Structures are given as C-alpha cells and as structure tokens.
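One-letter residues, chain by chain:
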Amino acid sequence: MSGQKTVTPSAESLVASVNAVKTRGLPPVHLWNPPFCGDLDMRIARDGTWFYQGTPIGRPALVRLFASILKKEGDKFFLVTPVEKVGITVDDAPFLAIDFNATDAGDTQVLTFETQVGDRVVASADLPIRVVRDPETGEPSPYVLVRANLEALIDRKSFYRLVDLGVEHEGWFGVWSSGAFFGIIPADELL
C-alpha cells in the first residue's frame with residue numbers, strides 16, 4: 001500500500017469533504033459507504049448540544065452541516081462523506097424537537113416538528129411519534145422520527161403541548177397526525 005497516506009479523522013477533513021460535494025438539500029448519505037476511519041471526539045448531548053473535543057460547537061451552520069451527514073447503522077452513529085466514515089457518540093437521540101405546530105388539513109390534524117438544526121418533520125405513519133417510559137420512574141421520553149433511523153427527542157414544553165392535544169382512541173391516550181394515531185400512554189393509566 002505504498003503511496004497511500006493515512007488520514008486521521010478530524011472535523012476539518014469532514015467539512016472539506018462535504019464542501020467538495022455540495023448538493024441542494026440533504027447529502028445522499030444512504031448512498032455513501034466509505035471505509036471506517038475511526039472514532040472522532042464528537043458527542044451529541046441529550047439536550048441537542050454538539051461537542052467537539054469536549055467543547056460545544058458554537059457555530060450553528062457547522063452543527064447543521066454535521067447533522068446533514070449523520071447516519072445510524074445498528075446502534076452506532078457516524079458522520080459520513082463520500083471518502084470518510086467516522087464514529088461519534090450520541091447520548092440519546094441525535095436531534096431535539098424544540099417546537100411544533102398543529103394545523104388542520106380538512107378534518108385531519110397535522111403535527112409539524114422543528115429540530116434544533118432546522119429540520120421540519122411532519123409526524124405520519126412514515127415518520128412516527130413514539131414514547132418510551134423509564135421502567136423505574138415511569139417518566140416518558142417522546143421521540144419523532146426525522147429521517148432514516150434518526151430520531152429527535154421531543155423537548156418537555158412541546159411534549160406538554162402534545163398531551164394537551166391528546167385524545168383517547170382504542171384504549172390509548174395519544175395524538176393524531178396525518179391520519180395516524182400515536183399512543184402516549186394506555187388510557188387506563190391516566191390519572
């Protein structure tokens with residue numbers, strides 16, 4: 001393998017690779033399968049803050065760029081370009097849903113979520129809402145699927161607003177969006 005140079009993964013090399021293949025919209029990370037280059041000291045905290053080498057990334061445009069090349073395979077998260085694939089740490093979900101709008105489309109309610117990186121997601125059968133309850137405390141952790149196995153944790157204020165929109169349906173208390181029902185809690189467990 002003489003002549004090949006070993007590249008240590010870095011945030012800078014990822015930015016350069018993404019900038020070299022500028023596309024409109026999200027890059028086609030599902031089509032990219034470069035070799036694994038190692039882990040990067042990058043972490044996404046449960047509150048949606050991105051860290052690089054222990055320091056919060058303060059440039060929103062850079063966070064959006066990294067979020068656009070995020071991919072999940074099994075239980076692991078990677079930043080992927082056409083030439084690099086590096087592992088990162090995600091504490092819970094890679095995105096945080098910071099707000100949502102509820103609108104009516106005829107007789108159908110539509111819930112549109114916004115993430116901390118500016119993604120907009122319409123909850124539907126293809127992009128469902130799910131709620132996981134802590135087995136010890138019963139505390140709910142609500143999520144909405146953003147894209148390709150990547151979820152957003154729904155922040156507390158938005159979850160409380162969702163609960164205000166909740167109705168009972170087939171033994172569950174939950175919400176409707178785009179014609180699909182998403183159970184939050186069994187109706188018999190309501191106070």
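Residues numbered from 1 in each chain as written. Predicted model: local features only at pLDDT ≥ 70, side-chain atom pairs only at ≥ 80, totals over all residues. Heavy atoms only, no water.

## Structural notes on helix α3 (residues 156-165)
Formally: The buried label goes to any residue with under 20% of its type's maximum accessible area, the exposed label to any with over 50%, and the partly exposed label to all in between, with areas taken from a 1.4 Å probe on protein chains only. Comment: elements are numbered from the N terminus, with helices defined as DSSP H or I runs of at least four residues and strands as E runs of at least two. Within this analysis, the arc is defined by the directions that extend from the helix axis to the C-beta atoms.
Inspection of α3 places Ser-158, Phe-159 and Leu-162 among the buried residues, and these make up the whole buried set. End-on, the buried residues of α3 take up no more than an arc of 100°, which puts them together on one face. When the buried face of α3 is taken as reference, the exposed residues oriented beyond 90 degrees from it are Arg-156 and Asp-164.

## Here we look at the packing of aromatic side chains
Keep this limit in mind: Note on aromatic pairs: the rings of Phe, Tyr and Trp (six-membered ring only in Trp) are paired at centre separations within 6.5 Å, and the planes decide the class, stacked below 30 degrees, edge-to-face beyond 60, tilted for the rest. Charge over a ring is defined by NZ of Lys or CZ of Arg lying within 6 Å of the ring centre and within 35 degrees of the ring normal.
Per the stated rule, a full pass over the model turns up four aromatic pairs. Lying across the ring of Tyr-143, Arg-130 places its NZ or CZ 4.7 Å from the centre.

## Details of the sheet that holds strand β13 (residues 167-169)
To keep it simple, the criterion reads: Any two strands with at least two DSSP-identified bridges between them are counted as paired. Fitting a line to C-alpha atoms yields each axis, with helices limited to the stretch in contact; the angle taken between N-to-C directions then spans 0 to 180 degrees. In this description, contact between two residues means that some pair of their heavy atoms is separated by no more than 4.5 Å.
An order of β13-β14-β15 is seen for the three strands of this open sheet, with the pairing classed as antiparallel. In the strand order of this sheet, the two ends are held by β13 and β15 (180-186), each with one partner. Between one strand axis and the next, the sheet turns by 50° as a mean value, whatever way the strands run. As judged from the six bridges shared by strand β14 (residues 172-177) and β15, these two strands associate in the antiparallel manner. Across the sheet, Phe-173 pairs through a bridge with Ile-185, a residue of β15. Across the face of the sheet, α3 comes into contact with β13, β14 and β15 while running at roughly 100° to β14.

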